[in-house]
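# Overview (structure and organization)
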Amino acid sequence: MARKVDVAALAKGVLDGSRSLLARAITLVESHHPEHRRAAQELLMELLPAAGGAHRVGISGVPGVGKSTFIEALGTRLTGAGHRVAVLAVDPSSTRTRGSILGDKTRMTALSTDPDAFVRPSPSAGTLGGVARATRETIVLMEAAGYDVVLVETVGVGQSEIAVAAMVDTFLLLTIARTGDQLQGIKKGILEIADVVAVNKADGEHEGDARSAAADLASALRMMAPAGESAAIDWRPPVLPCSSRTGAGLDEVWEAVERHRAALDQHGELAGKRATQQVDWMWAMVRDRLLDRLQSDPGVREVLPRLEREVRAGERTPTLAAQDILDRLGL
Ligand code: GDP
């Protein structure tokens, strides 16, 4: 896509619901090419007034927990109920494993061919910061194209779930019953950002396990005092068993997700949450860009090993070393 981008045509195509132009617009926001970056920002400015209308939901869980089966089943229900559903992913690890979580579209065969759904694989290049940026911008495109539910999938490893929680209204943690301590394997940090917890694979011989795991997890969560926004809206994350295979419990999970968003709305927190997310995003980009510049600066790279060595050996104070590095960037 090195040729000049016709931003007006792309914007119109997205607003008119053209799938092929929407796909091109996403490719544009994913691009690192400076000319594309400029065109993408122009496009986003054009589309921003038409964005913001979706319920943005993050869905996280460790590999194998059933995320793609869940999204396929839930998404199909939602389109059946008249929603238009977009599915995105944040999976920076895909650069290493050479295949993103949504790269293999056959994992969501029904949704991928559903005219009311749009399944987009994770951008496969770059750092978490870069992938998160592209995903946030893609959410704007999806909303401008009229999708009213945006599901952002992420693997429950690393920092990606924090990045996703920072771009959605409601964060859904998918888990499964485990023998022994139910909290084992679930990082405490992720429970703190979960707005709804679903215990998947509650079917067949495992149904009882899933139900008791859900009850255990619910009581563990009751012990945790709600903080921040959850306290402000008086929200306790419900823990619900479900089966993505049979569909049992999926309606209840979605109802809980909608209740969470209604609670945000009712307490006047939704607009504030989104506004704060935008400002945080701005600063995250400033930090990313500064760090990029710093790490790619030849003068800085030259002195880094020496400075690190001297700080490690206690021969130079961290403050002086930091100043030395920043001086080289003229900061
Ligand atoms: P992901 O890695 O989290 O996306 O997980 P997948 O959706 O690929 O599912 C992993 C495996 O669990 C697959 O073999 C699915 O068929 C199976 N699975 C997913 N959901 C359910 C469920 O609700 N019940 C049962 N029994 N198996 C499920």
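None of the values given here were measured: they were computed from a predicted structure.

## So, the pairing of strand β2 (residues 85-90)
Of all six residues that make up β2, six are buried, and the element is covered over most of its length. When β2 meets strand β3 (residues 117-119), the two strands line up parallel, connected through three bridges. From the neighbouring strand, Val-87 faces β3, where its bridge partner is Val-119.

## A word on the sheet that holds β3
The sheet built from seven strands is open, its strands ordered β3-β2-β4-β1-β5-β6-β7 with parallel pairing. The open sheet has two edge strands, β3 and β7 (239-241), and neither has a second partner. Pairwise comparison of adjacent strand axes, ignoring direction, gives a mean angle of 25° for this sheet. One ladder, built from four bridges, connects strand β1 (residues 55-61) with strand β5 (residues 170-176); its direction is parallel. Bridge pairing in β5 links Ser-60 to Leu-173. Strands in contact with helix α7 (residues 128-144) are β1, β2, β3 and β4 (149-155); relative to β2, the strand with the most contacts, it is inclined by about 170°.

## What about the site of the ligand?
Near the ligand you find 15 residues, and of these Lys-67, Thr-69, Arg-107, Asp-203 and Ser-244 are the closest. Within the backbone of Lys-67, a nitrogen or oxygen atom sits 2.7 Å from an oxygen atom of the ligand. With respect to the ligand, the side chain of Asn-200 contributes an N or O atom lying 3.2 Å from a nitrogen atom. Coverage of the ligand by the protein chains reaches 74% of its 580 Å² of free accessible surface. If you tally residues by element for the shell around the ligand, the top one is helix α4 (residues 67-80), at three residues.

## Here we look at helix α15 (residues 318-328)
When α15 is considered as a whole, its buried residues turn out to be Ala-321, Asp-324 and Ile-325. The buried residues of α15 all sit within an arc of 95° when viewed along its axis, so they share a single face. Facing away from the buried side of α15 by more than 90 degrees, the exposed set consists of Thr-319 and Leu-320. Against the buried residues of α15 lie α13 (269-296) and α14 (298-312). Gly-330 occupies a position one or two residues after α15 and carries a positive phi of about 75°.

## Some thoughts on the nonpolar core
With 51 residues, the main nonpolar core has Leu-22, Leu-43, Leu-141, Met-142, Val-150, Val-152 and Val-239 as its most contacted residues. Composition of this core by domain shows at least three residues from each of domain 1 (1-50) and domain 2 (52-266). Ignoring sequence-local partners within four residues, the contact set of Leu-43 consists of Val-7, Leu-10, Ala-11, Ala-25, Leu-28 and Leu-141. Listed in part, the 32 residues of the second largest apolar core include Phe-70, Ile-71, Leu-111 and Trp-235.

## Notes on the confidence of the model for the chain
Predicted coordinates in regions of low pLDDT should not be interpreted in detail. Predicted confidence across the chain gives a mean pLDDT of 88, with 90% of residues reaching 70 or more. The secondary-structure element of the chain with the lowest mean pLDDT is helix α5 (residues 94-97), recorded at 47, while helix α1 (residues 7-15) shows the highest, at 97. Long-range and interchain partners of residues 95-100, a stretch whose pLDDT sits below 50, account for nine contacts in this model, where long-range means more than four residues apart.

Parameters at a glance
Residues numbered from 1 in each chain as written. Predicted model: local features only at pLDDT ≥ 70, side-chain atom pairs only at ≥ 80, totals over all residues. Heavy atoms only, no water. Buried < 20%, exposed > 50% of the residue type's maximum accessible area, 1.4 Å probe, protein only. Helix = DSSP H or I, 4+ residues; strand = E, 2+ residues; numbered from the N terminus. Pairing = 2+ DSSP bridges. Axes fitted to C-alpha atoms, helices over the stretch in contact; angles between N-to-C directions. Contact = heavy atoms within 4.5 Å. Near = heavy atom within 4 Å. Polar contact = N/O pair within 3.5 Å; in protein donor to acceptor, adjacent residues only side chain to side chain. Areas by Shrake-Rupley, 256 points an atom, 1.4 Å probe, with all protein chains shown as cover. Arc of directions from axis to C-beta. Core = buried A, V, L, I, M, F, W, Y, C linked by side-chain atoms within 4.5 Å. Domains from an automatic or database assignment. pLDDT = per-residue confidence, 0-100.

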